[in-house]
Number of protein chains: 2
Amino acid sequence: MVFKKRRVKLEDIARKLNISIATVSRALDKNPRVKKSTQEKVFKTAEEMGYMPNQIAKSLSSGKTNIIGVLIPRYDEPFFIEVCRGIDQYARNHNYKILISSSRNSYQFEKENLISFERGLVDGIILSPTHETENVAHLNDLTSKGMPMVLFDNIREEVSGADHVMIDDIKSSFDAVEFLIKKGRKKIAFIGGIKQKKVFQDRFTGYKSALNKYKIPLNEELVLHCNSLDREFEDREILDFFKHLTTTPDAVFTCTDNYGLLAMKTLLKTEKKIPEEVAVIGFGDLGLGEVFVPTLTCVSQPSFEMGQKAAELLIKQLNEPEDILHKKTVVKLETKLTQREST
Amino acid sequence: MVFKKRRVKLEDIARKLNISIATVSRALDKNPRVKKSTQEKVFKTAEEMGYMPNQIAKSLSSGKTNIIGVLIPRYDEPFFIEVCRGIDQYARNHNYKILISSSRNSYQFEKENLISFERGLVDGIILSPTHETENVAHLNDLTSKGMPMVLFDNIREEVSGADHVMIDDIKSSFDAVEFLIKKGRKKIAFIGGIKQKKVFQDRFTGYKSALNKYKIPLNEELVLHCNSLDREFEDREILDFFKHLTTTPDAVFTCTDNYGLLAMKTLLKTEKKIPEEVAVIGFGDLGLGEVFVPTLTCVSQPSFEMGQKAAELLIKQLNEPEDILHKKTVVKLETKLTQREST
DNA sequence: CTGTTAGCGCATTCAC
DNA sequence: GTGAATGCGCTAACAG
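Residues numbered from 1 in each chain as written. Chains lettered and ligands numbered in written order. Predicted model: local features only at pLDDT ≥ 70, side-chain atom pairs only at ≥ 80, totals over all residues. Heavy atoms only, no water.

- Chain A has the name LacI family DNA-binding transcriptional regulator in an unreviewed UniProt entry, where Aquimarina litoralis is given as its organism.

This is how it looks when you write it as structure tokens:
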């Protein structure tokens, strides 16, 4: 029964009421200059005829789409989804929708997605650059053209004109590792992610400086930088790491929840007692850690809030007068260590 | 689109080259009717001037946005994200983007989101109705207006004009429970989700009919229909369920992976051996089950493929001539039981 | 092969 | 208060 019927438009209801399109438009806009009685007539007729405004036409005419483009490196990472939820919530409350795209960890796809955003579909962009993104010219190019932009997670300070939302990765991991040290742990393993990502570099820095503060020498054997971009391979990589250790760690600090869980899983397989023999701390706190047995202690990152904040900053930019120079703002959100059974 | 600098448009490059806008448009379109040499000039100049087509104007003019609207009940459910990934992949390969929205398990929000889709932003819709959605008039209304639509997951057969993508929930759970029975389990608990969802009703039906086939009486005490829509509360609900049992089950069949993990967690807390004393089967197979210790046996649902299939069906609808009657198609995808350590 | 013209649906300026 | 006219940037039908 699907016949694409022509949509009713302003003109249709104008003709029916014998008034002009302009009046109908104003009436629906609740413009006070329109007589109450006509306004009511218009609303009533619009309702009866099943009028539905055309968003595209509105956008073309107004020059804004009320859509925020969000670009994340991958979908299957709860952290990014959580950030998106935060963005979505704030955006929705401010009459914006979000268009999420994934760059699938590829610099090439990142650029392509950005180009399609630039085609006028979105009013502004929130993104987390991929680890492959060394050159940020494409980002600076966009901001210099006046595209409002907010970066989060894998921050690139070099991008001017964009706001930044971040956490203090160095301090967060420093605190976590210090916590382990204060619990008497000395052989603390580190499992990080792709070295190219600033967040992972920073978390490694925090780890090293905690060791340093307590005069614990860095044992390279206990350090793993996961290179996998895929769940499957992360698994294997971590398994191998533990298998080939000659020193047995008494604690493990990992840069994501998932690494933490995989570490615990591997340790449990080899009959290690957690936390008695080995303590484990993850990073993120996205729900998984609470389900595992034992539950995972971790650095709680305010993912949802990061999204909200990013959306807030972007929408603020969108409301700035066009001819003003945007002043870059950087927001650092707080993390905290959430203690559970693994420590 | 709030660009501080004015964007270059067709007119600009037309003027520069002293040709008409139409020719520029056609040239960029690689229309064979335009001379090779002009085409090249146009491309070169467009490049130099940094021309970027305006997607909104294109859409208004062409009547299509090349955007697929996707409406899911919640973001924080890996199943839905996985389906979205599938949709995204297929859509991308066919020159479509996807606009994901969440109805946050609310019928009201579902309707609101659909209305905003109806405003012309999307060419078609893929959705999983919420459990609250009893009346599907709003969906039939949309399809009858000619909006292409595909439903998945919480299918509502009453929706005419929309294609459906599903799995055989009854058979899948029947098979899983039968598997447990054949392993000698007799006191099989059932943990389902919100009763209003057809998928959960069906999985319960499958459970019951397996018991029935093997003459095992249904013990109501061993049945839980989780009502929580929130991770936090699911946790509590399942904990309570096990706490108050007077019969100890020797197996648990759950309707989601997460329930399965929570069940295992609770059982482990009470020192039960898995699978020796209690076997557990989950439903979904979205990665989490592989991380847990022990790993979770589950019904593997082809989530990604569901998304791909849904996108395929929708795009097929989009390419149908407008004046033709759409023939509703229903696709049923295969599931399989993936055995792991919990059984 | 290329130009002219007429929309697409709505907002908005300028009259009256 | 309301209407007529113009423009948003691009596509497409129709000429030539």
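**Considerations on the overall build of chain A**
Here is step 1 of the chain: Counting its secondary structure elements, chain A contains 13 helices and twelve strands.
Here is step 2 of the chain: Rg of the C-alpha trace for chain A: 26 Å, well past the compact-globule value of 20 Å for 343 residues, more than 25% over.
Here is step 3 of the chain: Principal-axis analysis of the C-alpha atoms gives chain A an extent of 85 × 45 × 35 Å.
Here is step 4 of the chain: For chain A, buried positions account for 57% of its 343 residues.
Here is step 5 of the chain: Counting only contacts in chain A whose residues sit at least 6 apart along the sequence, the fraction spanning at least 24 positions is 71%.
Here is step 6 of the chain: Looking at chain A as shown, the accessible area adds up to about 15200 Å², and 51% of this sits on carbon and sulfur atoms.
Here is step 7 of the chain: Distance between charge centroids for chain A: 6 Å, based on 52 positive and 48 negative side chains. (Helix = DSSP H or I, 4+ residues; strand = E, 2+ residues; numbered from the N terminus. Rg over C-alpha atoms; globule rule 2.2 N^0.38 Å. Buried < 20%, exposed > 50% of the residue type's maximum accessible area, 1.4 Å probe, protein only. Contact = heavy atoms within 4.5 Å. Areas by Shrake-Rupley, 256 points an atom, 1.4 Å probe, with all protein chains shown as cover. Lys, Arg positive; Asp, Glu negative; His and termini not counted. Charge placed at Lys NZ, Arg CZ, Asp CG, Glu CD.)

**A few points about the nonpolar core**
Here is step 1 of the chain: Core analysis: the biggest nonpolar cluster contains 104 residues, and A:Phe253 and B:Phe253 have the highest contact counts within it.
Here is step 2 of the chain: If you look at the next biggest cluster of nonpolar residues, it comprises 46 residues, including A:Leu222, A:Ala263, B:Cys226 and B:Val280. (Core = buried A, V, L, I, M, F, W, Y, C linked by side-chain atoms within 4.5 Å.)

**Describing the domain arrangement of chain A**
Here is step 1 of the chain: Split into domains, chain A comes out as domain 1 (10-53), domain 2 (62-167 + 303-333) and domain 3 (169-300).
Here is step 2 of the chain: One C-alpha centre belongs to domain 1 of chain A, the other to domain 3 of chain A, and the line joining them spans 63 Å. (Domains from an automatic or database assignment.)

**Details of the relation of the copies chain A and chain B**
Here is step 1 of the chain: Least-squares fitting of chain A to chain B yields an RMSD of 0.2 Å, with the transformation described by 0.0 Å of translation along the axis and a rotation of 180°. Such a turn and shift between the copies fits a two-fold axis. Among all C-alpha atoms of chain A, that of A:Leu99 lies closest to the rotation axis, at 2.6 Å.
Here is step 2 of the chain: A share of 92% of the interface residues of chain A reappears at the interface of chain B, consistent with the copies meeting face to face through the same patch. (Least-squares fit on C-alpha atoms with pLDDT ≥ 70 in both.)

**Observations concerning the protein's contact with DNA strand C**
Here is step 1 of the chain: Neighbouring residues of DNA strand C: 22 residues in total, closest A:Lys9, A:Tyr51, B:Thr23, B:Arg26 and B:Arg33.
Here is step 2 of the chain: Here, DNA strand C places atoms within 4 Å of the protein, and 67% of those atoms are sugar or phosphate.
Here is step 3 of the chain: In this structure, a phosphate oxygen belonging to DNA strand C sits 2.8 Å away from a main-chain N or O atom of A:Leu10.
Here is step 4 of the chain: With respect to DNA strand C, the side chain of B:Thr23 contributes an N or O atom lying 2.5 Å from a phosphate oxygen.
Here is step 5 of the chain: Mapped by element, the contributors of at least two residues to the surface near DNA strand C are α2 (21-28) and α4 (55-62) of chain A together with α2 (21-28) and α4 (55-62) of chain B.
Here is step 6 of the chain: Taken together, the residues of the surface near DNA strand C break down into nine nonpolar, seven polar and six charged. (Near = heavy atom within 4 Å. Polar contact = N/O pair within 3.5 Å; in protein donor to acceptor, adjacent residues only side chain to side chain. Nonpolar A, V, L, I, M, F, W, Y, C, P; charged D, E, K, R; others polar.)

**Quick word on the sheet that holds strand β11 (residues 330-333) of chain B**
All names here are of chain B.
Here is step 1 of the chain: Read from one edge to the other, the open sheet built from six strands follows the order β2-β1-β3-β4-β5-β11, with strand pairing classed as parallel. Lying at the two open borders of the sheet, with one neighbouring strand each, are β2 (97-102) and β11. When strand polarity is set aside, the average angle formed by the axes of neighbouring strands in this sheet is 20°.
Here is step 2 of the chain: Bridging between strand β5 (residues 163-167) and β11 involves four bridges; their strand directions are parallel. When the bridges of β11 are listed, Ile167 appears paired with Leu333.
Here is step 3 of the chain: On top of the sheet, helix α6 (residues 107-121) reaches β1 (67-72), β2 and β3 (124-127); it is set at about 175° to β1, its chief contact. (Pairing = 2+ DSSP bridges. Axes fitted to C-alpha atoms, helices over the stretch in contact; angles between N-to-C directions.)

**Comments concerning the interface of chain A and chain B**
Here is step 1 of the chain: Chain A puts 59 residues into the contact, and the matching count from chain B is 60 residues.
Here is step 2 of the chain: For the interface between chain A and chain B, the tally reads two salt bridges.
Here is step 3 of the chain: Across the pair A:Glu341 and B:Lys269 runs a salt bridge whose closest N-O atoms are separated by 2.7 Å.
Here is step 4 of the chain: In this assembly, chain A and chain B are joined by twelve residue pairs in polar contact (both at pLDDT 80 or more).
Here is step 5 of the chain: Those elements that place two or more of their residues in the side of chain A that touches chain B are α4, α5 (78-93), β2 (97-102), α6 (107-121), α11 (257-269) and α12 (288-291) of chain A.
Here is step 6 of the chain: In terms of residue count, the dominant contributor to the side of chain A that touches chain B is α6(A) (seven residues).
Here is step 7 of the chain: Considered class by class, the residues forming the side of chain A that touches chain B number 26 nonpolar, 14 polar and 19 charged. (Salt bridge = Lys/Arg side-chain N within 4 Å of Asp/Glu carboxyl O.)

**So, the sheet that holds strand β7 (residues 223-225) of chain A**
Residue and element names in this part refer to chain A.
Here is step 1 of the chain: Within the open sheet, the six strands sit side by side as β7-β6-β8-β9-β10-β12. Their pairing is mixed. Every other strand in the sheet has two partners, leaving β7 and β12 (336-338) as the edge strands with one partner each. Pairs of neighbouring strands in the sheet enclose a mean axial angle of 15°, with direction left out of account.
Here is step 2 of the chain: Here four bridges tie strand β6 (residues 188-192) to strand β8 (residues 251-254), and the two strands are oriented parallel to one another. The residue bridging Phe190 from the neighbouring strand is Phe253, located in β8.
Here is step 3 of the chain: Relative to the sheet, helix α9 (residues 198-213) contacts β6, β7, β8 and β9 (279-284), its axis offset from that of β6 by approximately 170°.
Here is step 4 of the chain: Each of β6, β7 and β8 touches helix α10 (residues 231-243); the most contacted strand, β7, lies at about 160° to it.

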